[in-house]
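# Understanding the architecture of this molecule
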Amino acid sequence: MTRINENFIKLPGSYLFSDIAKRVAKYSEENPDKKLIKMGIGDVTRPLAPAVTAAMKKAVDEMGSAETFRGYGPDYGYDFLLEAIAENDYAARGIKIDKSEIFLSDGAKSDCANIGDIFSVDNSVAVCDPVYPVYVDTNAMAGRAGDYDEKLGWTKLVYMPCTAENGFIPALPEKTPDIIYLCYPNNPTGTTATKGQLQVWVDYAKKNGSVILFDSAYEAFISTPGVPHSIFEIPGAEECAIEFRSFSKTAGFTGTRCAYTVIPNALVRGGVKLNSLWARRQSTKFNGVSYVTQRGAEAIYTDQGKKEIRETIAYYLENARIIREGLAKAGLKVYGGVDAPYIWAASPKGMPSWDFFDMLLKKAGVVTTPGAGFGPSGEGYIRLTAFSTAEATAEAVERIGSIL
Ligand code: MLT
C-alpha cells in the first residue's frame, strides 16, 4: 500500500494567496456588479520593458532558425546572464561573486522552497513572524516544522516576532536555530534592515554554525541610500549565507519566470560546500530557464534596460507613497512602502486582520492581504501592494478613506 507524506495532512487550509483568491472569487460571483481593486498578492501590472521584449523576440527568431537553434542550456544558466548578474548586481556594489556561485532558476519562491533538499530534516528552523508563508509551509511539508497548533503555530518552528516595537527586526532567538530565514526589504511588512542589524545576524550565524537563507527579492525597490541590497555586503556573510534574488518584481517577470540563488564557495557545513550540494540538486531536478527568458533577463542589464526598469520601479514606489500617505491621512498607522512595494497597515481600533480584510473587501471593494495570514504577529494588520496601476491605486486609497 502506498503511503503518502503525512506532513501534508498537517498543513492548515490552503496556501494563503490561494485561500484569498477563492474568497474573492466567491464574493465577486455573489456581487458581479462590484468593481474590485486588487492589492492582495504582489503581482505586477506594468508590462515587460521594451528592451526585454526586443531581446526576447530576437531570441525567438534564433530558436526558429536551424543555424542558431539551441536545445538544453547549461544547468545553472548561460554565461552571458551569469556574468551580467555577477557584474551588475554584485561587482558594481563591491561584492565579489563568481559566476560559479550563481544558479539561475524559475523563481525565488521555488528556490526558497527547494533549498530545503540540501539540509537535514533534523535542522531547527527560525522564521520571522510575520513571514512569507512559503518558508513555513515548505518546511512543514519536509517534516521540519512539527505539528500545527491553531494558537501557537508550528510546534518545532522558532518564530521570531517582528513588531512595530522592535522596528520589525527580530531579536536573536534564545535557542540557536540551524537555519534562519531573513527577508529584507521585508515581505510582508515592507520594512528594511540596516547593515549594522544584518551584521548582528551574520556574526551570530557564523559563531553558531547556522545558515542564513536571505530573501532579497525586493532589493530593486530600495531608494534610501545605505540600505543594503545584498547580505553579501555584510563582512563574513559568504561563510554563512545563501541569497535568493528574483526578476519577478524587479522587471515584471512574475509570468515570465526567472530568478537566481547565490551560494558562495566559502559556505561549508559538515565539511561539504553547500554550493556543490545545490549544484547536484539542480542538475538532477531542474533543466534550466528557457534561452528566450534568459536573453530577456540579460537585457535588464543594458543601459536602456536599466533605464526602463528604473522607470517601472519609480512608478510602483509612487503608488506606495500614495497608499502610505493616503492611509495615514485616513488615520491608520502605516509602515514600509519606502524601500519596498508593500505597505503594512494596522487595523483601526485593533480590529482582527480578517475582519478588516472583509470590511475593505465588502465596503470599499479593495482586496488586501490579512496580516494574520503571515503569522501570529501579523494579527491586527493588513498588507497592501503598490503593484496596481496608478489610477486603481488612487481610487483604492480614496475608497478606503471614505469608509474609515
Ligand atoms: C506576495 O504577494 O507575497 C508575493 O507575490 C508572493 C510571491 O512572490 O510568491
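Report on the accompanying structure.

## Things to note about the overall build of the chain
Helix and strand content of the chain: 13 helices and 17 strands. Its C-alpha radius of gyration of 21 Å places the chain within 12% of the 22 Å reference for a compact globule of 404 residues. Projecting the C-alpha coordinates of the chain onto the three principal axes gives extents of approximately 60 × 55 × 50 Å. Across the 404 residues in the chain, those meeting the buried criterion constitute 53%. The long-range share in the chain, meaning contacts at least 24 apart out of those at least 6 apart in sequence, stands at 73%. With an accessible surface of roughly 17,700 Å², the chain has 53% of that area assigned to carbon and sulfur atoms.

## Regarding the nonpolar core
Side chains that are nonpolar tend, in soluble globular proteins, to be buried together. Counting 75 residues, the largest nonpolar core has Ile-85, Leu-182, Ile-212, Ile-231, Phe-232, Phe-247 and Tyr-260 as its most contacted members. With 7 residues, the top contributor of residues to this core is helix H4 (residues 79–90). Setting aside chain neighbours within four positions, we find Phe-232 in contact with Tyr-90, Ile-95, Ile-97, Ala-237, Glu-238, Ala-241, Ile-242, Glu-243, Val-262 and Pro-264.

## Structural notes on the site of the ligand
If you check the shell around the ligand, you find Phe-17, Ile-41, Gly-42, Lys-109, Tyr-132, Asn-187, Tyr-218, Lys-249, Tyr-342 and Arg-383 and nothing else. Burial of the ligand by the protein chains amounts to 86% of its free accessible area of 270 Å². Of the residues in the shell around the ligand, the class split is 5 nonpolar, 2 polar and 3 charged.

## A few points about the pairing of strand S10 (residues 259–262)
Regular strands have side chains that alternate between both faces of the sheet. Neither face of S10 is exposed, since Ala-259 and Thr-261 on one face and Tyr-260 and Val-262 on the opposite face are all buried. Relative to S10, strand S2 (residues 102–105) is paired through 4 bridges, and the arrangement is antiparallel. Pairing of Ser-105 across the sheet is with Ala-259, part of S10. By the bridge criterion, 4 bridges tie strand S9 (residues 241–246) to S10 in an arrangement that is antiparallel. Bridged to Ser-246 within S10 is Ala-259.

## Thoughts on unusual backbone geometry
A cis geometry characterises the amide bond from Asp-129 onward to Pro-130, with omega recorded as 10°. Along the polypeptide, Pro-130 turns up in the loop between strand S3 (125–129) and helix H6 (133–142). Cis geometry is found at the peptide bond from Asn-187 to Pro-188, where omega equals 20°. Mapping Pro-188 onto the fold places it in the loop between strand S7 (179–183) and helix H7 (195–208). One non-glycine residue, Phe-168, lies in the positive phi region at around 65°.

Procedures and definitions
- Residues numbered from 1 in each chain as written.
- Predicted model: local features only at pLDDT ≥ 70, side-chain atom pairs only at ≥ 80, totals over all residues.
- Heavy atoms only, no water.
- Helix = DSSP H or I, 4+ residues; strand = E, 2+ residues; numbered from the N terminus.
- Rg over C-alpha atoms; globule rule 2.2 N^0.38 Å.
- Buried < 20%, exposed > 50% of the residue type's maximum accessible area, 1.4 Å probe, protein only.
- Contact = heavy atoms within 4.5 Å.
- Areas by Shrake-Rupley, 256 points an atom, 1.4 Å probe, with all protein chains shown as cover.
- Core = buried A, V, L, I, M, F, W, Y, C linked by side-chain atoms within 4.5 Å.
- Near = heavy atom within 4 Å.
- Nonpolar A, V, L, I, M, F, W, Y, C, P; charged D, E, K, R; others polar.
- Pairing = 2+ DSSP bridges.

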